[in-house]
Amino acid sequence: MIKIEIKEGENIERALKRYKRKHRNVQIMQNLRESRYFTKPSVKRRREIQKAEYIQSLRDAENV
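Remember, predicted model here, so these are calculated numbers, not experimental data.

Here is what the cut-offs are and how they apply
Residues numbered from 1 in each chain as written. Predicted model: local features only at pLDDT ≥ 70, side-chain atom pairs only at ≥ 80, totals over all residues. Heavy atoms only, no water. Helix = DSSP H or I, 4+ residues; strand = E, 2+ residues; numbered from the N terminus. Rg over C-alpha atoms; globule rule 2.2 N^0.38 Å. Buried < 20%, exposed > 50% of the residue type's maximum accessible area, 1.4 Å probe, protein only. Areas by Shrake-Rupley, 256 points an atom, 1.4 Å probe, with all protein chains shown as cover. Lys, Arg positive; Asp, Glu negative; His and termini not counted. Charge placed at Lys NZ, Arg CZ, Asp CG, Glu CD. Salt bridge = Lys/Arg side-chain N within 4 Å of Asp/Glu carboxyl O. Patch = residues over 30% accessible without salt bridge, like charges linked within 9 Å, V, L, I, M, F, W, Y side chains within 5 Å. Polar contact = N/O pair within 3.5 Å; in protein donor to acceptor, adjacent residues only side chain to side chain. Contact = heavy atoms within 4.5 Å.

Caption draft 1: Layout of the overall build of the protein chain. The number of helices and strands found in the protein chain is 2 helices and 0 strands. Here the C-alpha radius of gyration of the protein chain, 18 Å, is well above what a compact globule of 64 residues would show, namely 11 Å. When the backbone C-alpha atoms are referred to their principal axes, the protein chain occupies close to 50 × 40 × 10 Å. Scored against the burial criterion, the 64 residues of the protein chain give a buried share of 5%. For the protein chain, the accessible area works out to roughly 6700 Å², and carbon and sulfur atoms hold 52% of it. Separation of charge centres in the protein chain, based on 18 positive and 9 negative side chains, amounts to 10 Å.

Laid out in structure tokens, this is it:
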């Protein structure tokens, strides 16, 4: 998770600019890590489904 601490007297526009820059850099790094090795489309789909099931189970546990 990206955290941006706003300094005293700092303009909110400048803080947003720092946040956007950090977010863009994180996304670039994730893409580089993913493209380092080839993964089959079926494996990607399986991971996405597993991730969705995991998130759903967390939400279900939270609502109980």
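Let us keep going from here.
Caption draft 2: Geometry of the pattern of salt bridges. Going through the model one piece at a time under the given rule, you end up with 1 salt bridge. Put simply, Glu-10 and Arg-18 hold a salt bridge, and the shortest N to O gap is 3.2 Å.

Caption draft 3: Spatial organisation of a positive patch on the surface. Judged by side-chain charge, Lys-7, Arg-14, Lys-17, Arg-21 and Arg-24 come together as a positively charged surface patch. Within the secondary structure, Arg-14 is located in helix H1 (residues 12-34).

Caption draft 4: Just a nonpolar patch on the surface, in detail. There is a patch of nonpolar side chains on the surface, built from Ile-6, Ile-12 and Leu-16 and spanning about 270 Å² of accessible area. Relative to the elements of secondary structure, Ile-6 occurs in the segment before H1.

Caption draft 5: Quick look at the side chain of Glu-10. If you trace the backbone, Glu-10 turns up in the segment before H1. For Glu-10, the side chain forms a polar contact with the side chain of Arg-18, separated by 3.2 Å. Beyond its immediate stretch of four places on either side in the chain, Glu-10 contacts Glu-5, Ala-15 and Arg-18.

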